[in-house]
4 protein chains.
Amino acid sequence: MIIQLEKGITPEQLERLRDKLREIQYKATHVSAQNGDYIIGVGKKEFDIRAIGTLPGIRDIHRVSDDYKLVSKKWRVEDTLIELDGGIELGTGHFALMAGPCSIESEGQVEETIAHLLANGVRIMRGGVYKPRSSPYSFRGLGIDGLKLWYEKAREAGIKIITEVMMVEQIEAMLPYVDIFQVGARNSQNFNLLDALGEVGKPVLLKRGISGTIDELLQAAEYIFSNGNERILLCERGIRTYETAYRNTMDINAIAMLKEKTHLPVIADPSHGVGLRRFVDKVALASVMAGADGIIMEVHEQPEKAFSDGQQTLSFPEAERLYKQLRMAFNLREGFGPGF
Amino acid sequence: MIIQLEKGITPEQLERLRDKLREIQYKATHVSAQNGDYIIGVGKKEFDIRAIGTLPGIRDIHRVSDDYKLVSKKWRVEDTLIELDGGIELGTGHFALMAGPCSIESEGQVEETIAHLLANGVRIMRGGVYKPRSSPYSFRGLGIDGLKLWYEKAREAGIKIITEVMMVEQIEAMLPYVDIFQVGARNSQNFNLLDALGEVGKPVLLKRGISGTIDELLQAAEYIFSNGNERILLCERGIRTYETAYRNTMDINAIAMLKEKTHLPVIADPSHGVGLRRFVDKVALASVMAGADGIIMEVHEQPEKAFSDGQQTLSFPEAERLYKQLRMAFNLREGFGPGF
Amino acid sequence: MIIQLEKGITPEQLERLRDKLREIQYKATHVSAQNGDYIIGVGKKEFDIRAIGTLPGIRDIHRVSDDYKLVSKKWRVEDTLIELDGGIELGTGHFALMAGPCSIESEGQVEETIAHLLANGVRIMRGGVYKPRSSPYSFRGLGIDGLKLWYEKAREAGIKIITEVMMVEQIEAMLPYVDIFQVGARNSQNFNLLDALGEVGKPVLLKRGISGTIDELLQAAEYIFSNGNERILLCERGIRTYETAYRNTMDINAIAMLKEKTHLPVIADPSHGVGLRRFVDKVALASVMAGADGIIMEVHEQPEKAFSDGQQTLSFPEAERLYKQLRMAFNLREGFGPGF
Amino acid sequence: MIIQLEKGITPEQLERLRDKLREIQYKATHVSAQNGDYIIGVGKKEFDIRAIGTLPGIRDIHRVSDDYKLVSKKWRVEDTLIELDGGIELGTGHFALMAGPCSIESEGQVEETIAHLLANGVRIMRGGVYKPRSSPYSFRGLGIDGLKLWYEKAREAGIKIITEVMMVEQIEAMLPYVDIFQVGARNSQNFNLLDALGEVGKPVLLKRGISGTIDELLQAAEYIFSNGNERILLCERGIRTYETAYRNTMDINAIAMLKEKTHLPVIADPSHGVGLRRFVDKVALASVMAGADGIIMEVHEQPEKAFSDGQQTLSFPEAERLYKQLRMAFNLREGFGPGF
């Protein structure tokens, strides 16, 4: 149950609401998010919601029977639009392209990538400075210094930065330089990290876990929202299955279903979704037709020399061709009307 | 190793070839298919293929190191085009639509469905008369009588029939009434059935197994081809994963990869791929962008009353809208050029 | 709903029962099995079962809400015991060992294997004469001649034969030479084969599908039983998962759960369950502790020279050690009492 | 490559070694662990290891081609034995029992549980004070205060504490009260947490990820070891598969394989491995036969009232029976000899 509070609700009115919830044995969680304050009530008893909905200080009340509440479309029917400065909008009806290397490697690379993005009208650059690696002996990223270097170049060019955060302690130092925090697949249920990102004033792109369910992804997003940050993007990046012909199995169904279940924007990551360069274009285009609001993909000035993920990274010319195709596919889809 | 034989190869020349293969301890399988005769050689020894390629009676010779040979694009670079009479062509560059009910239920249904297909320019009708069902107590189809009834109506209308065959004994009786035999997911590795369909003069649409790998699907097709029938269509219909939010997980990666690995046409089945009516359109459109040569889907005059699979079946109006969208998506994709 | 009929039920009484079922819109399936006659009623309406249970000619009536009925323990509380001649019993409380090569390869091999089994008190020999192989170019077994050769030797020695049947047409020819028909994982939902084996007077060992669920396995067994053959053994042989470190993932949970859900004997196949020779003993022993009524495993006089599956096949000395350990583990478990 | 250093290696000798590694372009990681100092060299070039092995200050050198090095049995042939004070030993040949509630709930519960453990000779108590929960609205544990309360009671009784740590910031506060840190399945690839636990002087029990591979688990352990802590226990707790009949699929194969690949102790968690109380005993016993060095399981004075995981938690009488059975199974297995 989601109870939207009036802006001017008094402490007494709030207490009366809490009393009511205690009476019916509902656990109450107070959420202060960018667009309003809410009480999330969780319990099992059946009762007449009007008994609460008509209390003073209550703007609206919604039953949501799913395990996730605030991120559900059952409650917030209108899709969430996330604005970055510079007039960038993310969400339904606005097609987002995010591209860049797996890892930030050097100043020269950052410059070349930014030039490539500018030339193609792409305004958000991806890149890792903290890299989760299976082996402790692998390259683990340039860290905060890499991020600062990148930020200098990106700010000048008007390019926004999306990059992965791996632990709570990194957030504060990264905050000034990041436009969108990314939570990687391995941290999709790192609940402390999600809690902490819920208290941050920057959008968060949350990747689905390596074998995460739709439901777990939405509940992970609920962690962020319920801590106060409602600027969340969900990302389908392929799941682990028995098939070993590709790195992951892109779950196109998930894109279609997420667009139905939540008001949050849904981004597709075809680079990890298939993990093989020559199929990234097909998978990206398929993702758009399935309803994705944007694509995040790996590009590199010399994919075969990339520090990581080279086998799934597009060259600049390959990426250029794909950006155009994606925009055409998006336009075709938009022509079909909302929800098709 | 695939050895293409000259049409006029003499018995003596053939024997000399077999001797050569025995010498290098290769197992030889003779294949007589619609477009030629082949010897498939399987063995481990390294040797100079020119020693065989230059023998009299040999047209060409190809090394194919994969477990599948005849269905591989490494050997037959040009994509296979399957022609049905009435000028219908299936394969790269020709977009195929196949639609109809899960099960054939009644004469009235057949008539209504045919009228719907004709009105929309769809020329191939799907429908089951032998239904594989998990439970022995479920409806198992109208059988051969249902097929005959259907055939009467379809022939008049110039509509082609694709329907599932479940066992070797059914083939002969079905043969006069079927345009394309379908092998279902549960029979994808029913090797005796594949052997028998290899000796039939009708095309075969082979579905991927419920948890079949790309490699297993291609080897299953190899069974059919190596028995003499090279008119095979492969069908991606979703795989079994840990995700229970949908019936199956449509494997969009598989479509892209199959188009690269084999010269055979690749058809997508979004109805089973996601198993929920409201997502069939998105998944179908995604499949086209990933490279599918056609779509097979379930439609019904009253989906909620269908004997089986109603929850994943489109109504006629829903299907009409989707046919148009699919053709637009196909045209967009074709504009991107071959292989994009 | 399972309605057990009296032996002397009259045609009129039967018709009256059918009328009653029609009235409540239940589909009725008549089953004539070795131990009695049943009507299986499937429908949705709620009604008082006593209205049927008290009809003349009815021995007993049971509600079974699962998708499988006759194989359920909810109805038949006492576990099924399958007897082979020579005093061999299979089922709860009787530990069964079945061993032999993947494929029957030669007369000498059969003789050596039988000597090995006799020396170790193993009375059932496994071996394939029809082999389902992923590739059409692999060795596919010696066929019916291999079976006859094997039968000659086995009969003399008092050894029973279990071997795989792949298609309906093979049953009749195999019948005189087989003691237990095996249905392989790839045919676990070959419903026509299951139907046909339901009409045969020999026990059937049914393997779980490559990615078959517990429920699907039990429904597959229901096919056999509902066609009249209640002498069925279920076999857990590992499932397909994302883990590639071994051939399959042995599902120990399935053994424990099947023993609870069904009255049929449950056999474990550790050879396929892990697919690596050096772990077969651990997995076999674990299966016994989880509740298996027997073990079927691959042994070969020279595993490294086996035509197929050599990497998961035990040598005779390895097998000897394991037989003893398995019997000790079984005795320990039996000491824990029924269901532990 | 693992290079074991002499205790008295001089800075000059160390520098000479590093020079040699630079020469062959190997990345060197210095590891200071409880039982010695190592340099881990990672690179691609082939070279004669004797050229390094004979340098002064080098005790020994081992090639290890796997992605994990220090945790591999290829290098350390003798199994690791982890000692806790009070004379408790964990590892090959020493059977460990760890039991307790999912969550620590109250002082009374702690007392009852300790009495139960003491009466049964179980010396390690499990229990969560920080609980990873899918939903932000679920009970998340009593936190550090719960741990302190528990510690008071446990120390008096001579019972050791194993409990989950979820984030780096918790380690310091927990350290005085914990005997074994547990890393949960969702944090199995939380690399920062693993790094930090590598610098702690307490053993770590590392659970396999929800869909973690054997290889990923061993590489995760390598993170801990390569940061200096070699007192690691691995834990198989079931994996995510397509089967929904139980919470997870216990991977018995993994236990057998881990015992072969690593010198670290391997613990089985049957409570999560199957997730249903009535099968926990079978799965626990199976795990012992597969080679587990110990069992961690959930027990509760009133399972049906547990705050979490009640459906998979044993009552005290159920647990008592199982402890005895497990010890008997362990003794039987030990009688089979090392590695059986």
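Just so you know, these numbers come straight off a predicted model, no measurement behind them.

The rules behind the values
Residues numbered from 1 in each chain as written. Chains lettered and ligands numbered in written order. Predicted model: local features only at pLDDT ≥ 70, side-chain atom pairs only at ≥ 80, totals over all residues. Heavy atoms only, no water. Helix = DSSP H or I, 4+ residues; strand = E, 2+ residues; numbered from the N terminus. Rg over C-alpha atoms; globule rule 2.2 N^0.38 Å. Buried < 20%, exposed > 50% of the residue type's maximum accessible area, 1.4 Å probe, protein only. Contact = heavy atoms within 4.5 Å. Pairing = 2+ DSSP bridges. Axes fitted to C-alpha atoms, helices over the stretch in contact; angles between N-to-C directions. 1 Å grid on protein atoms, 1.4 Å probe; cavity = no way out; pocket = protein on both sides within 12 Å on 5 of 7 lines; lining within 4 Å. Points joined across faces, edges and corners; volume = space filled by probe spheres on them. Nonpolar A, V, L, I, M, F, W, Y, C, P; charged D, E, K, R; others polar. Buried area = accessible area lost by both parts, 1.4 Å probe. Salt bridge = Lys/Arg side-chain N within 4 Å of Asp/Glu carboxyl O. Polar contact = N/O pair within 3.5 Å; in protein donor to acceptor, adjacent residues only side chain to side chain. Domains from an automatic or database assignment. Right-handed = clockwise from strand over helix to strand, strands pointing away. Parallel < 35°, antiparallel > 145°, perpendicular 65-115°, else oblique. Left-handed = near helix turned anticlockwise from the far one by under 90°. Least-squares fit on C-alpha atoms with pLDDT ≥ 70 in both.

### Here we look at the overall build of chain A
For step 1, the next point in the chain: Counting its secondary structure elements, chain A contains 11 helices and 14 strands.
For step 2, the next point in the chain: Relative to its length of 340 residues, chain A is compact, with a C-alpha radius of gyration of 21 Å against a globular reference of 20 Å.
For step 3, the next point in the chain: For chain A, the spread of C-alpha atoms along the three principal axes comes to 65 × 45 × 40 Å.
For step 4, the next point in the chain: Burial analysis of chain A (340 residues in total) assigns 65% to the buried set.
For step 5, the next point in the chain: A separation of at least 24 residues holds for 68% of the contacts in chain A among residues at least 6 apart in sequence.

### A closer look at the pairing of strand β14 (residues 294-298) of chain A
Remark: a regular strand shows side chains that alternate across the two faces of the sheet.
Residues and elements named next belong to chain A.
For step 1, the next point in the chain: Across the five residues that make up β14, a large majority, five, are buried.
For step 2, the next point in the chain: Residues G294, I296 and E298 point to one face of β14 and I295 and M297 to the other, with burial holding for every one of them.
For step 3, the next point in the chain: Where strand β7 (residues 96-100) lies against β14, five bridges are found, and the strand directions are parallel. When the sheet's bridge partners are listed, A99 is paired in β14 with M297.
For step 4, the next point in the chain: Across two bridges, strand β13 (residues 266-268) lies against β14 in parallel orientation. Among the inter-strand pairings, I267 is bridged to a residue of β14, identified as G294.

### Some points on the sheet that holds strand β3 (residues 36-42) of chain C
Residues and elements named next belong to chain C.
For step 1, the next point in the chain: The strand order across the open sheet built from four strands is β2-β3-β1-β4, with neighbouring strands paired in antiparallel fashion. A single partner strand is all that each edge strand has here, and the edge strands are β2 (27-33) and β4 (58-62). Pairwise comparison of adjacent strand axes, ignoring direction, gives a mean angle of 20° for this sheet.

### Remarks on the layout of surface pockets
For step 1, the next point in the chain: Size it by volume and the second largest pocket reaches roughly 1300 Å³.
For step 2, the next point in the chain: If you go around the second largest pocket, you meet 48 residues; those closest to its centre are D67(B), Q219(B), R133(C), S135(C) and S138(C).
For step 3, the next point in the chain: Looking at the lining of the second largest pocket, the elements that each hand over two or more residues are β3 (36-42) and α7 (214-226) of chain B.
For step 4, the next point in the chain: The element contributing the most residues to the lining of the second largest pocket is α7(B), with three residues.
For step 5, the next point in the chain: Split into classes, the residues belonging to the lining of the second largest pocket amount to 13 nonpolar, 14 polar and 21 charged.

### Digging into the interface of chain C and chain D
It is common to give the size of an interface as the accessible area that goes away when the parts come together.
For step 1, the next point in the chain: Facing the 42 residues of chain C at the interface are 42 residues of chain D.
For step 2, the next point in the chain: Roughly 3500 Å² is buried in total at the junction of chain C and chain D, and carbon and sulfur atoms are behind 68% of that figure.
For step 3, the next point in the chain: By the criterion of area lost to chain D, the three top residues of chain C are Y242(C), N253(C) and K282(C), representing 19% of everything that side buries.
For step 4, the next point in the chain: For the pair chain C and chain D, the interface holds four salt bridges.
For step 5, the next point in the chain: Taking the shortest distance from any N to any O, the salt bridge between E243(D) and R208(C) comes out at 2.9 Å.
For step 6, the next point in the chain: Linking chain C with chain D are 18 residue pairs in polar contact (both at pLDDT 80 or more), by the criterion used here.
For step 7, the next point in the chain: Of all elements in the fold, only α8 (252-261), α9 (270-274), α10 (280-290) and α11 (316-335) of chain C reach the threshold of two or more residues within the side of chain C that touches chain D.
For step 8, the next point in the chain: No other element matches the seven residues that α10(C) contributes to the side of chain C that touches chain D.
For step 9, the next point in the chain: In the side of chain C that touches chain D, the residues fall into 24 nonpolar, 10 polar and eight charged.

### Notes on the interface of chain D and chain B
For step 1, the next point in the chain: Chain D puts four residues into the contact, and the matching count from chain B is four residues.
For step 2, the next point in the chain: Between chain D and chain B, the buried area comes to about 300 Å², and carbon and sulfur atoms account for 82% of it.
For step 3, the next point in the chain: Viewed at the interface, chain B and chain D are joined by zero salt bridges.
For step 4, the next point in the chain: Our count for the chain D to chain B interface comes out at zero residue pairs in polar contact (both at pLDDT 80 or more).
For step 5, the next point in the chain: Looking at side-chain class alone, the side of chain D that touches chain B contains one nonpolar, two polar and one charged residues.

### As for unusual backbone geometry
Residues and elements named next belong to chain A.
For step 1, the next point in the chain: Despite not being glycine, D309 has its phi angle at roughly 65°, a positive value.
For step 2, the next point in the chain: Structurally, the position occupied by D309 is in the loop between β14 and α11 (316-335).
For step 3, the next point in the chain: A relative accessible area of 14% means that D309 is categorised as buried.

### Quick word on the domain arrangement of chain A
Residue and element names in this part refer to chain A.
For step 1, the next point in the chain: Segmentation of chain A into domains returns domain 1 (2-62) and domain 2 (82-334).
For step 2, the next point in the chain: Between domain 1 and domain 2, the residue contacts involve eight residues of the former and six residues of the latter.
For step 3, the next point in the chain: Between domain 1 and domain 2, a total of about 530 Å² is buried, with carbon and sulfur atoms accounting for 46% of that surface.
For step 4, the next point in the chain: Its largest share of buried area at the contact with domain 2, domain 1 owes to V31, A33 and Q34, together 64% of the area lost on that side.
For step 5, the next point in the chain: On the surface where domain 1 and domain 2 come into contact, there are zero salt bridges.
For step 6, the next point in the chain: Mapped onto the side of domain 1 that touches domain 2, the elements with two or more residues apiece are β2 (27-33) and β3 (36-42).

### Regarding the pairing of strand β9 (residues 160-164) of chain A
All names here are of chain A.
For step 1, the next point in the chain: Counting buried positions over the five residues of β9 gives five, a clear majority of the element.
For step 2, the next point in the chain: Side-chain alternation along β9 places K160, I162 and E164 on one buried face and I161 and T163 on a second face that is also buried.
For step 3, the next point in the chain: One ladder, built from three bridges, connects strand β8 (residues 124-126) with β9; its direction is parallel. In the sheet register, I124 faces β9, and the bridge partner there is K160.
For step 4, the next point in the chain: Of the crossover connections in this fold, the one passing from β8 over helix α4 (residues 143-157) to the parallel β9 is right-handed.
For step 5, the next point in the chain: Relative to strand β10 (residues 180-183), β9 runs parallel, the two being bridged by three bridges. Among the inter-strand pairings, T163 is bridged to a residue of β10, identified as F181.

### Overview of the packing of helix α7 (residues 214-226) of chain A against helix α8 (residues 252-261) of chain A
All names here are of chain A.
For step 1, the next point in the chain: Two numbers describe how α7 lies on α8: the axes approach to 11 Å, and their chain directions differ by 45°. On the basis of the axis angle, α7 is oblique to α8. Pair α7 / α8 crosses with right-handed handedness. Counting all contacts with α7, which are made through I214, L217 and L218, the residues of α8 involved are A254, M257, L258 and K261.
For step 2, the next point in the chain: Tallied by class, residues from the contact of α7 with α8 come to six nonpolar, no polar and one charged.

### Remarks on the relation of the copies chain D and chain B
For step 1, the next point in the chain: If you rotate chain D by 180° and push it 0.1 Å along the axis, it lands on chain B with an RMSD of 0.1 Å. The symmetry that links the two subunits is that of a two-fold axis. Using C-alpha coordinates, one finds that chain D approaches the rotation axis most closely at Y242(D), a distance of 2.0 Å.
For step 2, the next point in the chain: Of all interface residues in chain D, 100% are interface residues in chain B too; the two copies therefore contact each other through one and the same surface.

### Digging into the pattern of salt bridges
For step 1, the next point in the chain: Within this structure, the stated rule accounts for 92 salt bridges over all chains.
For step 2, the next point in the chain: With a shortest N-O distance of 3.0 Å, K153(B) and E107(B) are connected by a salt bridge. With a gap of 46 residues between them, K153(B) in helix α4 (residues 143-157) and E107(B) in helix α3 (residues 107-119) connect regions that are remote in the sequence.
For step 3, the next point in the chain: Of the charged contacts, one joins K73(C) and D79(C) as a salt bridge, the two residues approaching to 3.3 Å between their closest N and O atoms.
For step 4, the next point in the chain: Several salt bridges converge on common partners, so that one network encompasses R208(A), E236(A), D251(A) and E243(B).

### Regarding the relation of the copies chain C and chain D
For step 1, the next point in the chain: Overlay of chain C on chain D (RMSD 0.1 Å): rotation 180°, translation along the axis 0.0 Å.
For step 2, the next point in the chain: Interface overlap between copies is the fraction of interface residues in one copy that are interface residues in the other; for chain C against chain D it reaches 100%, indicating a shared surface.

### Thoughts on the side chain of E298(C)
For step 1, the next point in the chain: For E298(C), the position within the fold is in strand β14 (residues 294-298).
For step 2, the next point in the chain: What makes E298(C) buried here is its relative accessible area of 0%.

### Observations regarding the sheet that holds strand β4 (residues 58-62) of chain A
All names here are of chain A.
For step 1, the next point in the chain: Taking strand neighbours across the sheet as the criterion, the four strands line up as β2-β3-β1-β4 in an open arrangement whose pairing is antiparallel. This sheet does not close on itself; its edge strands, each paired only once, are β2 and β4. Taking each pair of neighbouring strands and ignoring which way they run, the sheet shows an average axis angle of 20°.
For step 2, the next point in the chain: Of the pairings in the sheet, the one linking strand β1 (residues 2-5) to β4 comprises four bridges and is antiparallel in character. Along β4, the bridge assignment pairs I3 with I61.

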